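# Structural description and commentary
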Amino acid sequence: MHPTTKPTSEEIAVAKWIKANVPCKKTKFLSHSVEYFTASKAVDKLLISPWSSPGKNKEEPLFTTRESVVQYLDLLLRKKFFHRARKIPVSEQELKARSKKKEKKKEKEDGGKKEKQEAEEEKKGDDGESSHAEEKKDKGKKEKRKIRLDMHLEQIFVDGNDAYVWIYDPIPYYYWLAGGGVVLAVVALCLFPLWPPVVRKGVYYLSIGAAGFLMFIFGLAVLRVLIFCLLWLVSMGRHHLWIFPNLTEDVGFFASFWPLWKYECRDKESPSKKDKKNNGKKKLSDDENEEKAEESGGEDTQLDNVEDTEDKSETESEQTGKDFEMIEKEDE
């Protein structure tokens, strides 16, 4: 695993082609988000790649058999383009423990509310930590098997279903373009005194317009609060008027200026007073019911005794009868 030579341009081209054409899966490996591919799929793709057919000058193809592809990929592994990982199946106990931890965290964050989407994701087996779902076919049915990746002690390339995690991560071209644009913008700002007078005047007016717009927004926010407070004090908390109610909300630019106002009129009686009145009415009705119950108490006690004897006989028959319900240990 200690390469003596640097990778050649051909090896870099082959690695880029594999990463672009061989299907990869994303997972977390040692608390890092990584991509990995399956060895057999990479070999199959390289056998139909441009390097498996003769070149323009009728040169011999680079890949002729599966063994030649495996040897070449083993060379790429030794030059640290990727490394071999070991698939470890996740047991049901670990999945249950993780689901319980997730449910506890959700209850703390949401105040006991569980979201339906997250419950469906947990049932499907989508785990964000260190495992990945793979499909296996069993008698025409697709089942998902949970696995996690761990470092393999034997770092060799084997044609099979082993996982190989990518180490080679080329920088996309648009990163270079974005970096160059940032550098040019900084240089242009530093050379602002050398700009033509017309351009400098345009930038000056634009900056004044942007500052004026920001001051207008701040002034509008203060004004709406003052109007709300004044109306609330005059009406003793009955009338609530907000101008641009979505101005300070987390919405889009145009949505923050619509609707223009929001008005609410609330009753003078507070909810606490209403609750006291309702409680008083309930107490009066309870007292009346108690008086009626005392008058008809003698008759009810006789009926209750008869019903109790019938219930006892029914429970005894249920205990000695043949009808019963099996309870599994998990339900207990």
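Note that this is a predicted model, so its numbers are computed, not measured.

Attention shifts here to the overall build of the chain. When you go through the chain residue by residue, the secondary structure sums to 9 helices and 8 strands. Of the roughly 26,500 Å² that the chain leaves accessible, carbon and sulfur atoms contribute 57%.

Further remarks concern the packing of aromatic side chains. What the rule picks out here adds up to 19 aromatic pairs. Residues Tyr-174 and Tyr-175 carry aromatic rings whose centres are separated by 5.1 Å and whose planes lie at 65° to one another, so their mutual orientation is edge-to-face. For Tyr-174, a relative accessible area of 47% translates into the label partly exposed.

Okay, the confidence of the model for the chain next. Mean pLDDT over the chain stands at 75; residues scoring 70 or higher make up 66%. Here residues 126-131 is a poorly scored stretch, pLDDT under 50, and it has 22 contacts once near neighbours within four places are set aside; other chains count.

Attention now moves to the UniProt feature "transmembrane region" (unreviewed entry) in the chain. Following the UniProt record, one finds the feature "transmembrane region" (unreviewed entry) at residues 173-196 and 202-234. Between the end C-alpha atoms of residues 173-196 there is a gap of 33 Å, over a span that is 75% helix and 0% strand. In this annotation, residues 202-234 is assigned 100% helix and 0% strand; the end-to-end C-alpha distance for the span is 48 Å.

Bringing the pattern of salt bridges into the picture now. Applying the stated criterion across every chain yields a total of 9 salt bridges. Asp-169 serves as the salt-bridge partner of Lys-19, at 3.6 Å between the closest nitrogen and oxygen. One end of the pair, Lys-19, is in helix 1 (residues 9-21); the other, Asp-169, is in the loop between strand 6 (163-166) and helix 6 (173-190), with 150 residues separating them in the sequence. For Lys-19, a relative accessible area of 22% puts it in the partly exposed group. Relative accessible area serves as the criterion here: at 62%, Asp-169 is assigned to the exposed category. A salt bridge links Asp-150 to Arg-86; its shortest N-O distance comes to 3.5 Å. A residue pair is termed long-range when its members are at least 10 positions apart, and Asp-150 in strand 5 (residues 141-151) and Arg-86 in strand 3 (residues 82-89) qualify at 64 residues. Exposure remark for Asp-150: the relative accessible area of 28% places this residue in the partly exposed category. Salt bridges sharing partners connect three or more residues here, namely Asp-44, Arg-66 and Asp-159.

Along helix 2 (residues 39-46), the positions that sit buried rather than exposed are Ala-39, Ser-40, Ala-42, Val-43 and Leu-46. Down the axis of helix 2, the buried side of the element spans an arc of 160°, and every buried residue falls inside it. The elements touched by buried residues of helix 2 are helix 1, strand 2 (32-38), helix 3 (66-78) and strand 6.

As a further point, take the environment of Glu-67. Relative to the elements of secondary structure, Glu-67 occurs in helix 3. Each C-alpha atom, one on Glu-67 and one on Val-43, is 9.2 Å from the other, the two residues being 24 residues apart in sequence.

All right, on to a positive patch on the surface then. On the surface, a cluster of positive charge is made up of Lys-96, Lys-100, Lys-101, Lys-104 and Lys-105. Tracing the sequence through the fold places Lys-96 in helix 4 (residues 92-110). The class of Lys-96 is partly exposed, set by a relative accessible area of 45%.

Another point: the nonpolar core. Of all hydrophobic cores here, the largest spans 24 residues; its most connected members are Ile-18, Phe-37, Leu-46, Leu-73, Leu-76, Phe-82 and Phe-157. Secondary-structure elements contributing two or more residues to this core are helix 1, helix 2, helix 3 and strand 6. With 6 residues, the top contributor of residues to this core is helix 3. Setting aside residues no more than four positions away along its own chain, Phe-82 makes contact with Phe-37, Leu-73, Leu-76, Leu-77, Phe-157, Tyr-164, Val-165, Trp-166 and Ile-167. The next biggest cluster of nonpolar side chains, apart from the first, holds 8 residues, and it includes Phe-29, Val-34, Ala-85 and Ile-147.

Take unusual backbone geometry next. The step from Trp-258 to Pro-259 runs through a cis peptide bond, and the omega angle for that step is 5°. One can find Pro-259 in the loop between strand 7 (239-243) and strand 8 (261-265). Backbone geometry at Lys-80 places phi at a positive 65°, although glycine is not the residue there. Within the fold, Lys-80 resides in the loop between helix 3 and strand 3. Overall, Lys-80 belongs to the partly exposed group, its relative accessible area being 43%. Not every positive phi belongs to a glycine, and Phe-244 is a case in point at roughly 50°. Residue position: Phe-244 is located in the loop between strand 7 and strand 8.

About the thresholds
Residues numbered from 1 in each chain as written. Predicted model: local features only at pLDDT ≥ 70, side-chain atom pairs only at ≥ 80, totals over all residues. Heavy atoms only, no water. Helix = DSSP H or I, 4+ residues; strand = E, 2+ residues; numbered from the N terminus. Areas by Shrake-Rupley, 256 points an atom, 1.4 Å probe, with all protein chains shown as cover. Phe/Tyr/Trp six-rings, centres within 6.5 Å; stacked < 30°, edge-to-face > 60°. Buried < 20%, exposed > 50% of the residue type's maximum accessible area, 1.4 Å probe, protein only. pLDDT = per-residue confidence, 0-100. Contact = heavy atoms within 4.5 Å. UniProt positions renumbered as here; feature names shortened; annotations may be inferred. Salt bridge = Lys/Arg side-chain N within 4 Å of Asp/Glu carboxyl O. Arc of directions from axis to C-beta. Patch = residues over 30% accessible without salt bridge, like charges linked within 9 Å, V, L, I, M, F, W, Y side chains within 5 Å. Lys, Arg positive; Asp, Glu negative; His and termini not counted. Charge placed at Lys NZ, Arg CZ, Asp CG, Glu CD. Core = buried A, V, L, I, M, F, W, Y, C linked by side-chain atoms within 4.5 Å.

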